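So the chains spell out like this:
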Amino acid sequence: MQNTRQLLRDFLSRRDIKLFRALDANRQGFALLNLTKYNRKRILNKLKSHEILNLLHYLDPDDATDLLQSLSNIRRNKIIEKLDIHKKEKVEFLLRFNPNTAAGIMSLDYIQINKGMKFDKVFVLIKKHEIRTGKTPAILVVEHGYLIGKIPWRLIIHCKEKQKVDSYIRKCPTIRFDKDEDDIVKCFKANPHNNIVVLDEDNSILGVIYSDDVLRIIEEPTGDLYDFAGVRDEENVNDSALTKVKYRYKWLIINLFTVFLAAYVVSLFQDTISSFVLLAVYMPVVAGMGGNAGTQTLAVVVRGLTLKEIDPKSGKKIILKEMAAGAINGTIVGVLVAIIATLWNHNPLLGIAIGSSMVINLMIAGLFGSTIPLIMKYLRKDPATSATIFITTATDICGFFIFLTLATMLL
């Protein structure tokens with residue numbers, strides 16, 4: 001496994017398809033599943049159809065489906081036609097569903113048994129499944145066609161062949177096939193040690209979501225870290241300079257306009273700054289501290305949204321907590337900077353002005369740093385998409401306005 005990771009790192013740094021082909025076929029598919037969607041698609045597009053077929057041979061139908069969704073419809077259909085009959089049927093079944101729903105994520109590694117069945121027959125079904133798929137299945141129990149529970153593998157070792165399964169049945173969490181990733185993660189968090197059974201509209205069993213599938217969902221949003229700084233998920237560290245420009249210049253232009261907006265606010269206090277030039281020295285301090293505090297809040301809230309730790313109901317509480325934290329941090333920092341300004345410039349009123357503005361600006365940073373990602377989430381937009389631009393603009397404008405207004409009043 002370590003060799004696989006090292007080869008992948010070399011591949012990504014040198015962008016050489018030969019290094020990927022150097023991996024054993026039974027490792028290639030699993031390696032692709034651990035890459036970003038962009039890099040996965042880029043590699044697959046360079047592989048020949050017979051190479052893709054070869055690596056799909058070692059994958060479960062649900063993992064094979066994930067990779068095939070990165071291909072164009074025409075190429076995907078050609079490859080599916082060449083799969084073995086059992087995998088072809090399952091892949092075609094899974095491709096019917098939206099990949100971002102419970103049915104699109106589920107696995108077909110399960111067996112369905114009837115209540116009242118004896119374990120000797122269950123063992124036969126398990127063995128057949130393992131021979132056919134190479135995987136150990138989840139054991140789901142039905143009565144009159146409807147799910148009533150599962151048999152955990154930890155209980156199998158205690159059973160006898162002629163025993164009925166009834167006394168070993170345990171409840172299991174379920175989810176509708178069309179539920180989205182947020183609902184899947186919530187269900188998993190409520191049942192962290194259980195697989196989740198996916199049900200159709202008529203409550204019949206469609207498949208099972210395993211914990212590793214859910215962990216993949218949770219880890220995938222790390223791509224939001226690119227958007228966090230105005231960088232698109234499609235950009236790769238080894239892209240050319242022109243490609244990097246393509247993905248970033250729009251946000252930099254927006255940032256340029258927001259900077260001019262902050263400059264306009266400063267221009268409103270030209271007379272104050274002209275009469276007390278020392279204010280210009282402290283303006284970057286106010287803006288910098290507000291921007292940093294806002295970015296800290298944004299990072300915490302985006303992480304909470306990404307890991308499904310925050311929902312709309314808890315939004316108000318989160319905002320109030322972040323504003324309170326901003327007020328406390330602002331007081332600590334404000335007192336320090338007020339003392340420094342007073343001792344350095346021998347002007348207590350200047351110290352009061354910058355100290356007070358620091359408290360207020362860090363409260364504003366907490367407000368905007370928590371509110372902006374929550375609003376974007378409510379609007380079903382990426383809560384991390386270049387939000388730093390808007391937060392730093394808000395803290396710059398408010399910080400400059402408050403500091404210069406207080407300076408005008410006190411000085």
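The structure reproduced in this document is the subject of the present report. Small disclaimer: the values here were computed from a predicted structure and weren't measured.

## Comments concerning the sheet that holds strand β3 (residues 146-150)
Next, step 1: Judged by pairing direction, the sheet is mixed, and its three strands sit side by side in the order β1-β2-β3 without closing on themselves. If you trace the sheet from one side to the other, it starts and ends with β1 (110-114) and β3, each paired once. Taken pair by pair, the neighbouring strands of this sheet meet at an average axis angle of 40 degrees, ignoring direction.
Next, step 2: Here strand β2 (residues 138-143) runs beside β3; their pairing, made up of four bridges, is antiparallel. Bridging across to β3, V141 finds its partner in G149.
Next, step 3: The sheet contacts of helix α10 (residues 119-133) involve β1 and β2, and relative to β1 the element is tilted by about 160 degrees.

## Some details on the pairing of strand β5 (residues 196-199)
Next, step 1: Judged by which residues are buried, β5 turns out to be covered on both faces: I196 and V198 on one side and V197 and L199 on the other are all buried.
Next, step 2: In the sheet, strand β4 (residues 174-176) pairs with β5 via three bridges, with the strands oriented parallel. By the bridge assignment, R176 is partnered in β5 with L199.
Next, step 3: Across four bridges, β5 lies against strand β6 (residues 205-209) in antiparallel orientation. Within the sheet, the bridge partner assigned to I196 lies in β6 and is I209.
Next, step 4: Here β5 hands over to β6 after five residues, with N203 in that stretch at a positive phi of 65 degrees.

## Notes on unusual backbone geometry
Next, step 1: Its identity is not glycine, yet H144 carries a phi of approximately 55 degrees, on the positive side.
Next, step 2: Residue placement: H144 occurs in the loop between β2 and β3.
Next, step 3: Judged by its relative accessible area of 74%, H144 falls in the exposed class.
Next, step 4: The phi dihedral of N203 is positive, around 65 degrees, even though this residue is not glycine.
Next, step 5: Tracing the backbone through its elements, the reader meets N203 in the loop between β5 and β6.
Next, step 6: When its relative accessible area of 43% is taken as the criterion, N203 is described as partly exposed.

Conventions adopted
- Residues numbered from 1 in each chain as written.
- Predicted model: local features only at pLDDT ≥ 70, side-chain atom pairs only at ≥ 80, totals over all residues.
- Heavy atoms only, no water.
- Pairing = 2+ DSSP bridges.
- Helix = DSSP H or I, 4+ residues; strand = E, 2+ residues; numbered from the N terminus.
- Axes fitted to C-alpha atoms, helices over the stretch in contact; angles between N-to-C directions.
- Contact = heavy atoms within 4.5 Å.
- Buried < 20%, exposed > 50% of the residue type's maximum accessible area, 1.4 Å probe, protein only.

Such coordinate-based values are descriptive only and should not be taken to indicate function.
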